[in-house]
Amino acid sequence: MVKLTMIARVTDGLPLAEGLDDGRDLNDAEFYKQQVKSLFKNLSRGHYEASRMSVETGPYIFQVCYLTMCDRAYPKKLAFQYLEELRNEFERVNGSQIETAARPYAFIKFDTFIQKTKKLYQDTHTQRNIAKLNDELYEVHQIMTRNVQEVLGVGEQLDQVSQMSSRLSSESRIYADKARDLNRQALIRKWAPVAIVLGVVFVLFWIKSKLW
């Protein structure tokens, strides 16, 4: 059974639409929605190919093509055909506005189509869905499957590497500044006595020229 459905812009992970009634019968719905948002964020960074992928999480599995979360027993073939219908309609209706959308859930009215389409796919034993399962033109044998912690962990690791890189860069700048200060102090200690002697000599010559 389909539990959650969300649509986001892969280029930056901005959520565009979702099934508003989704998750009402789902324990920890907000937890899974946060996982979805983190997953979109990772996909936007190019960590994984976003076109088709299954991501396992607890007793469920995220099907990524747009994105839906189903029971593990729900057929992948139906899940991706469901997402394909959403994609075709979403791009037909909103395609020209996707790249210019600036706020989250700009196309929330698409929920009406999500709910209508989801009802068609809920029962895997209807004649319609049995026909789709038997459709040899729509095979999903090559779908990549990952665990959600593996996918989200990649992002966390890269974030840590980025933070370490930033920290090293900052520490390098601090070290360089300290090195310049030490060099400056060394030059002052080296040439200060000479400058003092020259200054005294200059003052003596100036006084002598005034008196004579």
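Residues numbered from 1 in each chain as written. Predicted model: local features only at pLDDT ≥ 70, side-chain atom pairs only at ≥ 80, totals over all residues. Heavy atoms only, no water.

Turning our eyes to something else, we now look at the side chain of Gln115. Within the element layout of this structure, Gln115 appears in helix 3 (residues 111-122). Non-local contacts of Gln115, meaning those with residues more than four positions away in its chain, are made with Gly19, Leu20, Asp21 and Asp22. (Helix = DSSP H or I, 4+ residues; strand = E, 2+ residues; numbered from the N terminus. Contact = heavy atoms within 4.5 Å.)

Moving on: a nonpolar patch on the surface. Taken together, Leu187, Trp191, Val194 and Leu198 make up a surface patch of nonpolar side chains, about 410 Å² in accessible area. Locating Leu187 in the fold gives a position in helix 5 (residues 148-211). (Patch = residues over 30% accessible without salt bridge, like charges linked within 9 Å, V, L, I, M, F, W, Y side chains within 5 Å. Areas by Shrake-Rupley, 256 points an atom, 1.4 Å probe, with all protein chains shown as cover. Salt bridge = Lys/Arg side-chain N within 4 Å of Asp/Glu carboxyl O.)

What follows deals with the pattern of salt bridges. Proximity of charged atoms lets side chains of opposite charge pair with each other. All chains considered together, the criterion is met by 7 salt bridges. Residues Arg128 and Glu85 are paired through a salt bridge, measuring 2.9 Å at the closest nitrogen-oxygen approach. Of this pair, Arg128 sits in helix 4 (residues 127-133) while Glu85 sits in helix 2 (residues 76-94), and the two are 43 residues apart along the sequence. Exposure remark for Glu85: the relative accessible area of 24% places this residue in the partly exposed category. Arg87 is the salt-bridge partner of Glu91, the closest N and O atoms lying 3.4 Å from each other. Here Glu91 and its partner Arg87 are both found in helix 2, 4 residues apart, which amounts to about one turn of the helix. Ionic contacts of the salt-bridge type, sharing partners, join the residues Glu84, Arg87 and Glu91 into one network. (Buried < 20%, exposed > 50% of the residue type's maximum accessible area, 1.4 Å probe, protein only.)

Here we come to the pairing of strand 1 (residues 2-9). Counted residue by residue, strand 1 has 8 buried out of 8 residues, so it is predominantly covered. One ladder, built from 4 bridges, connects strand 1 with strand 5 (residues 67-71); its direction is antiparallel. Note that in strand 5 the partner of Met6 across the bridge is Leu67. In this sheet, strand 2 (residues 14-18) lies alongside strand 1 in antiparallel orientation, the contact comprising 4 bridges. Bridge pairing links Ile7 to Ala17 in strand 2. Where strand 1 hands over to strand 2, the hairpin turn is made up of 4 residues, of which Gly13 adopts a positive phi near 80°. (Pairing = 2+ DSSP bridges.)

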